[in-house]
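# Architecture and fold: a report
The chain contents come next:
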Amino acid sequence: MNHAVGTWEERWHPLRQEWVVIAAHRQHRPWVGQTVTAQVPDVPVYDPTCYLCPGNARISGAANPAYTGVFVFDNDHPCVGPLAPEPIAPGSPYKTRRADGIARVICFSPVHRMTLAELSPEHIQHVVAAWQQQTFDLGALAQVNHVLCFENKGAVVGVSNPHPHGQVYATNFVFKTVETALGAMQQYERSEGRALMADIIKAEQKDARRILYEDAYTIAFVPYFARYAYEVYIVPKRQVAHLYALNDAESASLAGAIKAVTVRYDNLWQQSFPYVMPLHQAPTDGSEYADFHAYITFHPPLRQPALLKYLAGPEIGGGNFLNDTSPEASAQALRAVDARHYLTVGGTS
Ligand SMILES: [Zn+2]
């Protein structure tokens, strides 16, 4: 059996410090399990029962203002918060502490049926500005050691409400992904005398097959070491530990890159493309993190139009990912689609 080079091999993930098994040669193996159907975009612009729409009452009793842009509020069901109870010490080897922190929700748009991909780059700049402001404000609090901003999009990642929104978890601990990436960046700097993310950018530019977007300030690519089919990294070219350190031109460029990537996602299968999108920013525990290079990642759960990537034995049991898609083929597919959103082609934008 002949297999093309690059479709069946192990690749080192330099930011997670782990191997990824690329097994694209088995992409078309027989499948008799569950499939998911694409959401039909039959969503109203306003939903009177939606707790995120302007003017509506939320579970806490508070009412949303008649907001017109981006709207941020404290999560009514916080995973961490000032009202978390004092825990009871469990005794060795177990440890506990209070679930202190702040959880917020960011509504990207007042329009219930809108998605990030359909917003204008100028509007996405307001979303970027909200991430920057929240990170700066919450990161300055003494009890907050890390601010995780993210968007979970789509029913297949557990979000039943289509209203475009993301979340902010400002926690007293540093999330594992950032802790690992920080360690990897510091170790690389020590051993190679160069910055890891700068070298990743150079490697992607040199290969060039996986780049989806690039301008003077930002680059977006399917990484060589992708764990998910259609995984994408968006990286500011200048090293900043937190996205609020970007200047106006860099922030606008970042918004443009987000627009470009999410439009290609939706166009790939002409459906609203589900994903988990976290921002990776340095801890806010008071130390300087001059080595940390902030970036954004997209982790889509679908590997084919109606086929979910299940996390199973290798991922949950072993802790390493098996990717059934070649990153080069994924990038090629995303590069091949129209750069204009399929719902607006022929329209005004
Ligand atoms: Zn809504």
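Note that the structure is a prediction, hence the values are computed from the model and not measured. (Residues numbered from 1 in each chain as written. Predicted model: local features only at pLDDT ≥ 70, side-chain atom pairs only at ≥ 80, totals over all residues.)

## Let's talk about the overall build of the protein chain
- For the protein chain, the count of helices and strands is six helices and 14 strands.
- Relative to the compact-globule value of 20 Å for 349 residues, the protein chain shows a C-alpha radius of gyration of 21 Å, a close match.
- When its C-alpha atoms are laid out on the principal axes, the protein chain stretches across 65 × 55 × 45 Å.
- A total of 349 residues make up the protein chain; the buried ones form 40% of that total. (Helix = DSSP H or I, 4+ residues; strand = E, 2+ residues; numbered from the N terminus. Rg over C-alpha atoms; globule rule 2.2 N^0.38 Å. Buried ≥ 20, exposed ≤ 12 C-beta atoms within 10 Å, placed from the backbone.)

## Focus on the sheet that holds strand β5 (residues 146–153)
- Strand order in this open sheet of nine strands is β3-β4-β6-β5-β10-β11-β9-β8-β7, and the pairing throughout is antiparallel. What marks the edges here is a single partner per strand, and that holds for β3 (71–74) and β7 (211–214). Here the average twist between neighbouring strands, direction ignored, is 15°.
- Helix α3 (residues 196–207) contacts β7, β8 (218–221), β9 (232–236) and β11 (295–298) of the sheet and is inclined by roughly 65° relative to β8. (Pairing = 2+ DSSP bridges. Axes fitted to C-alpha atoms, helices over the stretch in contact; angles between N-to-C directions. Contact = placed C-beta atoms within 7 Å.)

## Let's talk about the environment of V159
- Here V159 is to be found in the loop between β5 and β6 (165–171).
- The partly exposed category is assigned to V159, around which 15 C-beta atoms lie within 10 Å.
- Along the chain, V159 and H341 lie 182 residues apart, while their C-alpha atoms are 22 Å from each other.
- Not counting residues up to four positions away in its chain, the partners in contact with V159 are N152, K153 and G154.

## A few points about the nonpolar core
- Judged by nonpolar contacts, the single largest core of 78 residues is most densely connected at L212, A220, V232, I234 and V261.
- Top element by residues in this core is helix α4 (residues 248–269). It accounts for eight residues.
- Here V261 is in contact with L212, Y213, A220, V232, I234 and F298, once residues within four sequence places are set aside. (Core = buried A, V, L, I, M, F, W, Y, C linked by C-beta atoms within 7 Å.)

## Overview of the confidence of the model for the protein chain
- Chain-level statistics for the protein chain give a pLDDT mean of 94 and a share of 93% at 70 or above.
- Mean pLDDT across the elements of the protein chain bottoms out in strand β13 (residues 307–308) (89) and peaks in β9 (99). (pLDDT = per-residue confidence, 0-100.)

## A look at the sheet that holds strand β2 (residues 18–23)
- Sheet architecture is open: three strands sit in the order β1-β2-β14, paired in mixed fashion. The outermost strands of the open sheet, each flanked by one partner alone, are β1 (8–13) and β14 (322–323).
- The pairing of β2 with β14 spans two bridges and is classified as parallel. Bridging across to β14, I22 finds its partner in N323.

## Regarding the packing of helix α1 (residues 121–139) against α4
- Direction vectors running N to C along α1 and α4 enclose 115°, while the axes themselves pass 8 Å from each other. Considered as vectors, α1 and α4 are oriented roughly perpendicular to each other. With respect to the hand of their crossing, α1 and α4 are arranged in right-handed fashion. Only S251, A252, L254, A255, G256, I258 and K259 of α4 make contact with α1, whose side of the interface consists of P121, I124, Q125 and V128. (Parallel < 35°, antiparallel > 145°, perpendicular 65-115°, else oblique. Left-handed = near helix turned anticlockwise from the far one by under 90°.)

## Observations regarding α1
- Look at α1: 26 Å from first C-alpha to last across 19 residues, which is about the 27 Å you get at 1.5 Å a residue.
- Where α1 is concerned, the buried positions are I124, Q125, V127, V128, A130, W131, Q132, Q134, T135, L138 and G139. (Expected span 1.5 Å × (residues − 1).)

## Re unusual backbone geometry
- Look at the link from S92 to P93: it is a cis peptide, with omega at 5°.
- Look at Q17: it is not a glycine, yet its phi comes out positive at around 60°.
- Here Q17 lies in the loop between β1 and β2.
- Unlike most non-glycine residues, A208 shows phi in positive territory, near 70°.
- Along the chain, the position of A208 falls in the loop between α3 and β7.

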